[in-house]
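The residues making up each chain are set out below.
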Amino acid sequence: SGTGLDDTYALFVSGGHTLQHRHYDANHFTIYKQGYLALDSGARQGDSDHNYYRQTIAHNCVLIKMLDEPSMIGSTPVRAGGQFNPLASETVAFETSPYYSYVASDATEAYYEEKCDMMVRQFVFLPPDHFVVFDRVIATRPDYAKTWLLHHANEPVFEGKTWHSDQDRGRIFCRTLLPEDAALEPVGGPGKEFIADDHNWEVAPGHLPDEQVPEVMGRWRVEVKPGAERTNDVFLHLIQVGD
């Protein structure tokens with residue numbers, strides 16, 4: 001929304017041409033407003049353990065959990081229904097004006113074709129403080145569970161299908177509008193900050209101040225799941241940020 005200390009900043013991940021320093025994070029977004037409100041979680045401080053923070057589950061993306069999915073790409077785990085090709089997303093639309101910024105990204109081929117027929121995200125920023133996130137997801141089988149993710153610094157507070165979380169001087173609200181039967185679940189807290197497939201990828205001893213996970217590494221996430229098995233789902237979320 002500007003370049004000041006109190007402005008709203010957003011980042012969106014799509015496309016790319018090099019594997020260096022890439023994560024499995026196609027269609028991920030980060031939002032900053034007087035604090036880190038929608039996080040890229042798990043960034044390590046002096047620790048070479050890539051087992052969590054490169055995975056899709058560490059980002060604000062969508063998971064599709066396939067039975068017996070391969071769990072490794074080289075030496076990097078790719079678990080919990082994430083992506084396998086960090087260069088396979090494509091920006092199919094981008095437009096910006098003083099009134100809005102809009103991007104559409106097709107990340108279908110970032111997922112195994114055995115489990116994903118479509119993963120397209122449309123992301124709209126309405127300055128200074130509102131975002132609309134719309135995802136079209138088609139799995140190859142109805143029992144391949146889909147999960148929409150939003151990562152937070154601190155524990156979210158729920159009121160129905162709306163929740164909020166704070167970091168520094170900022171606050172983020174998110175409301176699930178679709179699917180209508182969505183089930184929402186907070187995941188995180190001490191010993192569960194970096195959990196994936198029931199394993200918490202803890203930071204090695206000696207790399208954290210007072211052995212406490214800093215807020216900006218992400219301590220919580222919200223998982224949004226359809227209430228029934230089906231191949232086709234849409235996720236529609238409204239986000240507002242402020243002080």
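Our subject is the structure listed above.
A brief report on the enclosed structure follows.

Cut-off values and rules
Residues numbered from 1 in each chain as written. Predicted model: local features only at pLDDT ≥ 70, side-chain atom pairs only at ≥ 80, totals over all residues. Heavy atoms only, no water. Core = buried A, V, L, I, M, F, W, Y, C linked by side-chain atoms within 4.5 Å. Buried < 20%, exposed > 50% of the residue type's maximum accessible area, 1.4 Å probe, protein only. Pairing = 2+ DSSP bridges. Helix = DSSP H or I, 4+ residues; strand = E, 2+ residues; numbered from the N terminus. Axes fitted to C-alpha atoms, helices over the stretch in contact; angles between N-to-C directions.

### Details of the nonpolar core
Alright, step 1. One finds Phe29, Tyr111, Trp148, Leu150 and Ile239 to be the most contacted residues of the largest nonpolar core, which totals 33 residues.
Alright, step 2. Formed by 14 residues, the second largest nonpolar core is a distinct cluster that contains Tyr52, Trp201, Val213 and Met217.

### Examining the sheet that holds strand β11 (residues 145-152)
Alright, step 1. Read across the sheet, four strands follow the order β4-β11-β18-β15 without closing on themselves; strand pairing throughout is antiparallel. Strands with a single pairing partner mark the edges of an open sheet, and in this sheet they are β4 (62-65) and β15 (183-188). Pairwise comparison of adjacent strand axes, ignoring direction, gives a mean angle of 30° for this sheet.
Alright, step 2. Strand direction decides the pairing type here: β15 and strand β18 (residues 220-225), joined by six bridges, are antiparallel. Opposite Glu185, over in β18, you have Glu223 as the bridge partner.

### Considerations on the pairing of strand β8 (residues 101-106)
Alright, step 1. Of the pairings in the sheet, the one linking strand β7 (residues 90-96) to β8 comprises six bridges and is antiparallel in character. Bridging from a neighbouring strand, Thr91 pairs with Ser105 of β8.
Alright, step 2. Between the antiparallel neighbours β7 and β8 lie four residues.
Alright, step 3. Taken together, the six bridges between β8 and strand β9 (residues 116-126) define a ladder with antiparallel strand orientation. The partner of Tyr102 across the bridge, within β9, is Val124.

In short, geometric facts, not functional conclusions.
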